[in-house]
Amino acid sequence: MRWILSKLPMAVDRSLLGVWEKRIVIREETASTNDDAMMLGRAGVASGTIVVAERQTSGRGRRGRVWMSAPGEALAFTMLVRPTMPRGEWSRLSLVAGLSVAEALESIDYMPKLKWPNDVLLGGKKVCGILVEAGEDFAVIGIGINVLVREFPEELRESATSLWLTDGRVVSLQSLLVVVAQKLEEKLAQAMEDFPALLDAVRSRCAFTGRGIRYLVHGEEREGVMQGWGRGGELLVENNGVIDTVIQADEVRLKE
Ligand code: BTN
């Protein structure tokens, strides 16, 4: 594997990476940063290591979807973590990731919302996708943020956005990476030390709370009113006066 450590095409000045400098692996092109992080996890690399790539040739999204990230316009990176919490609680990592990105964006004056399980939205459109995958004794948190993307393919225009499309600001990919990395570290600690507080922070940013939604569970469409996230990160929906607890849903959409 060829690591390019000296230069990030997103014009990285490594000295600006601060404490992250020694923990970031930079690749000009790779298949998927999640795959690289998986490989590093199996090789015993330390928790907190990040792989970032300018170009992914097989970027992956949830449910086997393709994730396209425009070189130089989108941030695509993965953090390897070795959670000390019981494996049954690793679902918390999705919340950690979504909240970390949301708080990072808030720190630069955006007003993001979270859509279950962990999409980050701006103005109702997706600005960030997150793919958490578990290895044997580690997990990888893959994050794709549309930062400077000017134009999306026709089929995504209704549902996707970027920071630039939101307000025309040119946010540095490198600075954003560092802020999200710091938030990830902070929120990982919080997930272990004070999970209820983390959950409250997630709930307060829930995009669809109190709104009618349609959701697909194993291909079956259901309808209800979004209540938010449960204690384990599950989706809670009120369905004819009964709270439906959904751990795996294929899709969650607002009712038209
Ligand atoms: C989704 O919304 O479906 C999740 C998208 C996750 C994309 C990121 S980009 C960095 C990392 N590497 C991948 O192959 N996928 C994730």
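The structure we're discussing is the one just above.
What counts, and at which threshold
Residues numbered from 1 in each chain as written. Predicted model: local features only at pLDDT ≥ 70, side-chain atom pairs only at ≥ 80, totals over all residues. Heavy atoms only, no water. Helix = DSSP H or I, 4+ residues; strand = E, 2+ residues; numbered from the N terminus. Rg over C-alpha atoms; globule rule 2.2 N^0.38 Å. Buried < 20%, exposed > 50% of the residue type's maximum accessible area, 1.4 Å probe, protein only. Contact = heavy atoms within 4.5 Å. Areas by Shrake-Rupley, 256 points an atom, 1.4 Å probe, with all protein chains shown as cover. Lys, Arg positive; Asp, Glu negative; His and termini not counted. Charge placed at Lys NZ, Arg CZ, Asp CG, Glu CD.

## Structural notes on the overall build of the chain
Consideration 1: Scanning the chain from N- to C-terminus turns up five helices and 12 strands.
Consideration 2: Scaling as 2.2 N^0.38, a compact globule of 256 residues should have a C-alpha radius of gyration of about 18 Å, and the chain matches this with 18 Å.
Consideration 3: Along the longest, intermediate and shortest principal axes, the C-alpha atoms of the chain span 60 × 40 × 30 Å.
Consideration 4: Expressed as a percentage of its 256 residues, the buried residues of the chain come to 51%.
Consideration 5: Looking at the chain alone, contacts between residues at least 24 apart form 64% of all its contacts between residues at least 6 apart.
Consideration 6: Split by element, the accessible area of the chain, about 12,000 Å² in all, is 51% carbon and sulfur.
Consideration 7: Seen as two clouds, the 32 positive and the 35 negative side-chain charges of the chain have centres 1 Å apart.

## A word on the environment of Pro-83
Consideration 1: As for its placement among the helices and strands, Pro-83 is situated in the loop between β3 (74–81) and α2 (92–106).
Consideration 2: Classification of Pro-83 by relative accessible area gives buried; the value is 14%.
Consideration 3: Taking the C-alpha atoms as reference points, Pro-83 and Asp-194, separated by 111 residues in sequence, lie 15 Å from one another.
Consideration 4: Apart from residues no more than four positions distant in its own chain, Pro-83 is found in contact with Trp-90, Leu-93, Phe-138 and Ala-139.

Fair warning: the whole summary comes from geometry, so function is off the table for now.
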